Amino acid sequence: MGMSVQGGRGGGSRRGRRGGRKQLLSEINVTPFVDVMLVLLIIFMVAAPLLTVGVPIDLPETEAKALNSETQPITVSVNSTGQVFLQETEIAVDEVVAKLEAISTTGYNERIYVRGDTNADYGTVMKVMARISAAGFKNLGLVTLQEQDS
């Protein structure tokens, strides 16, 4: 596929560096590009499942069915030690409403999911839900795992 272009003065004989000028051979080598793209593809395939909400919580199991959703909801998580997280950022319980009002794109119709660890203090989870509800947010839900038949 390569093509060589030589200067037309010498009739086919090559001259040394000082005697004449050589034409540059310009070809596109696609192999390194394909290698890099395949490596990036593999990296993204491995990393994509890890991009879920990063707060480790042991959710309780219920018989409720999964909800269909078009947009990504805002998640507020309470872990087993009582720490409150908005998405993946730890916040104080008093700051929950202010932060939600700042990041909600659809106002008080924003979908907000509360994730409470199985071992979390019930009072802390209810305190978070009560503050969100009292602020006027209408689409508030609890996240659980589907119960497994054993």
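What you see is a predicted model, and the numbers here were worked out from it, not measured in a lab.

S.K.: Residues and numbers for the overall build of the protein, please.
M.R.: Within the protein, the secondary structure is distributed over three helices and seven strands. Moving toward the C terminus, one meets the helices and strands of the protein in the order α-β-β-β-β-α-β-α-β-β. For the protein, buried positions account for 23% of its 150 residues. Contacts spanning at least 24 positions in sequence make up 70% of the contacts within the protein whose residues lie at least 6 apart. Carbon and sulfur atoms form 55% of the exposed surface of the protein, whose accessible area is close to 11,800 Å².

S.K.: I'd like to hear about the environment of Phe-85, residue by residue, with values.
M.R.: In this fold, Phe-85 is placed in strand β3 (residues 84–86). Residues Phe-85 and Val-114 lie 29 residues apart in sequence; the distance between their C-alpha atoms is 9.8 Å.

S.K.: Would you mind going over the sheet that holds strand β5 (residues 111–116) in detail, with residue names and values included?
M.R.: Taken together, the five strands give an open sheet; going across it, the order is β4-β3-β2-β5-β6, and neighbouring strands pair in mixed fashion. Bordering the open sheet on either side are β4 (89–91) and β6 (139–143), each of which pairs with just one other strand. Neighbour-to-neighbour, the strand axes of this sheet turn through a mean angle of 30°, independent of strand direction. The sheet contact formed by strand β2 (residues 74–78) and β3 spans three bridges and is antiparallel. Within the sheet, the bridge partner assigned to Ser-77 lies in β3 and is Phe-85.

S.K.: Describe helix α3 (residues 122–134), naming the residues involved and giving the relevant values.
M.R.: Between its first and last C-alpha atoms α3 spans 18 Å; for 13 residues at 1.5 Å apiece the expected length is 18 Å, and the two agree. All buried positions along α3 are accounted for by Thr-124, Val-125, Val-128, Met-129 and Ile-132. When α3 is viewed along its axis, its buried side chains cluster within an angular range of 130° and face the same direction. Turned more than 90 degrees off the buried face of α3, the exposed positions are Tyr-122 and Ala-134. In the stretch just after α3, Gly-136 is the one whose phi turns positive, near 110°.

S.K.: Hey, could you go over the side chain of Ser-77 for me, with residue numbers and the actual values?
M.R.: Within the secondary structure, Ser-77 is located in strand β2. In this structure the side chain of Ser-77 is engaged in a polar contact, spanning 3.2 Å, whose partner is the side chain of Arg-115.

Procedures and definitions
Per chain, the residues get numbers from 1 upward, laid out in the order the sequence is written. The predicted origin of the model limits local features to residues at a pLDDT of at least 70 and limits the giving and counting of side-chain atom pairs to 80 or more, whereas totals for whole chains, interfaces and linings rest on all residues. Hydrogens and waters are ignored; side-chain quantities use all the structure's heavy atoms. Comment: elements are numbered from the N terminus, with helices defined as DSSP H or I runs of at least four residues and strands as E runs of at least two. To sort residues, take the accessible area from a 1.4 Å probe on protein chains only and compare it with the maximum for the residue type: under 20% means buried, over 50% means exposed, and anything in between is partly exposed. By definition, residues are in contact when any of their heavy atoms lie within 4.5 Å. In this description, accessible areas are obtained by the Shrake-Rupley approach with a 1.4 Å probe, and a residue is regarded as covered only by the protein chains that are shown. Pairing between strands requires that DSSP locate at least two bridges from one strand to the other. Note on definitions: angles span 0 to 180 degrees between N-to-C directions of axes, and those axes are lines fitted to C-alpha atoms, for helices only across the stretch in contact. Under the convention used throughout, the expected extent of a helix is 1.5 Å for every residue step, that is, one less than its residue count. By construction, the arc corresponds to the directions joining the helix axis to the C-beta atoms. N or O atoms within 3.5 Å of each other form a polar contact, as long as, within protein, one can give a hydrogen and the other can take it, and as long as residues adjacent in sequence are counted only when both atoms are side-chain atoms.

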